[in-house]
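# A closer look at the structure
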Amino acid sequence: MIASKGYAAQGPTTNLAPWNFERREVGAHDVQIEIQFCGVCHSDLHQIKNDWFPGIFPMVPGHEIVGKIIKVGSESKKFKIGDLAGVGCLVDSCRTCENCQEGLEQYCLNHNVGTYNSKGKDGLPTYGGYSNNIVVHEDFALRISNKLSLAAVAPLLCAGITTYSPLRYWKVGKGHKLAVLGLGGLGHMAVKFGVSFGAEVTVLSTSPSKEKEAKALGAHKFVVTSDPAQIAAVKGSFDFILDTVSAEHDMNMYLSLLRTNGTHIIVGAPSDPHSISAFSLLGGRKSLAGSGIGGLPETQEMLDYCAEHNILSDIEIIDIKDIHKSYERMLKGDVRYRFVIDIATL
Ligand code: NAP
Ligand code: ZN
Ligand code: ZN
């Protein structure tokens, strides 16, 4: 086993603290990555707090992982030592179901294996990227261009693919009016992709202070959702709303902003169920949809697209000791726009 160190929560009410643990030896098809940076996703906080389901503790969060290959398995061909590599939200899946066969491992019909707060095929808990290394099957490690700032690439592994995938699936682009609801880690990537794909992008935000930055990210318009006049001005106007909000919000109000045949796509994952009136959908043949991260082929496609178009996350690099302060700021919507842990501070 490989002696490893990380930051773990021992339970849903304890703070994260240094923790030593073991990773499996590098198998024939595995690679070992020395982690350099790990993004801080709101899902980390949901999972540490048992917002979605009872978690597996001790929990080492982190699924926006980038670093350098330091060991390759005897049968592993994809990487060589020294290559950059990334790991997102998945570290395994059945590989045989129809969704896996199509490269939709995130929708594996036989349970995929999450990067943390999950159990591997060996029955052992998985541990994420708030740690100094990870051992993963080479198929679940992504290639990363060395042209880009590595720290700013890390959030692409979750915030990037989670917004890229639905925009591609629904073919959002030129001629569409896209609203991005919530300007946080996911939201700011949605703005960048939406603009890059040619859509007219409006940010719907609770934070008036983010207007200037939203425009700097490329957004064409900015609406403060607490201002009734600004909301009235965009009623019935959007083809798509990409909803990245992490907490309870008034879905019926947001659905009223869609035009006829418009689609509201949920990617944000609040703990409580939404309350939606049938009339919010049937008056205008509106669709309500959801999308979860992305599969391996599409994640690689997104990374390559970002390398080609120089799309990166806007980040604030933090010392791992400041993780709780960062969570507090994230809960207040005060993140511009992704915290990334410098793993050298571990
Ligand atoms: P984040 O950085 O905290 O951003 C969320 C943003 O939502 C905030 O910055 C804020 O933006 C807005 N917001 C927060 N509370 C709100 C409220 N009560 N009403 C309206 N807006 C509110 O979080 P994130 O990392 O982007 O993640 C967002 C959500 O997506 C989380 O629930 C996360 O678990 C989920 N997620 C889902 C997937 C998936 O596969 N579908 C993948 C990753 C993450 P403003 O200040 O602009 O209002
Ligand atoms: Zn995430
Ligand atoms: Zn499968």
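Our subject in this report is the structure included herewith. Please read all numbers here as calculations on a predicted model, not as lab measurements.

Another point: the pairing of strand E17 (residues 338-342). Among the five residues of E17, four are classified as buried, and the element is accordingly described as predominantly covered. In this sheet, E17 lies alongside strand E3 (residues 30-39) in antiparallel orientation, the contact comprising three bridges. Looking at E17, one finds that Gly39 is bridged to Val340. Pairing analysis gives four bridges linking strand E16 (residues 315-318) to E17, with the strands arranged parallel. Residue pairing for E17: Ile315 is matched across the bridge by Arg338.

Here the focus is helix H5 (residues 185-196). With twelve residues, H5 extends 17 Å from end C-alpha to end C-alpha; this agrees with the ideal 16 Å at 1.5 Å per step. Along H5, ten of the twelve residues are buried, which leaves the element largely enclosed by surrounding structure. Of all the positions in H5, only Gly185, Leu186, Gly187, His188, Met189, Ala190, Val191, Lys192, Phe193 and Gly194 are classed as buried. Following H5 by one or two positions, Gly198 has its phi on the positive side, about 100°.

Glancing now at the coordination of the zinc ion (ligand 2). Bound to the zinc ion (ligand 2) are the protein donor atoms Cys41 (SG), His63 (NE2) and Cys158 (SG), situated 2.0 to 2.2 Å from the metal. Read N to C, the donor residues that coordinate the zinc ion (ligand 2) are spaced as C-x21-H-x94-C. One end of the pair, Cys41, is in the loop between E3 and helix H1 (42-48); the other, His63, is in the loop between H1 and strand E4 (65-72), and 22 residues separate them in sequence. Like Cys41, the residue His63 is buried in the burial classification.

Cut-offs and rules
Residues numbered from 1 in each chain as written. Chains lettered and ligands numbered in written order. Predicted model: local features only at pLDDT ≥ 70, side-chain atom pairs only at ≥ 80, totals over all residues. Heavy atoms only, no water. Buried < 20%, exposed > 50% of the residue type's maximum accessible area, 1.4 Å probe, protein only. Helix = DSSP H or I, 4+ residues; strand = E, 2+ residues; numbered from the N terminus. Pairing = 2+ DSSP bridges. Expected span 1.5 Å × (residues − 1). Donors = N, O, S within 2.8 Å, 3.2 Å for Na, K, Ca; no water.

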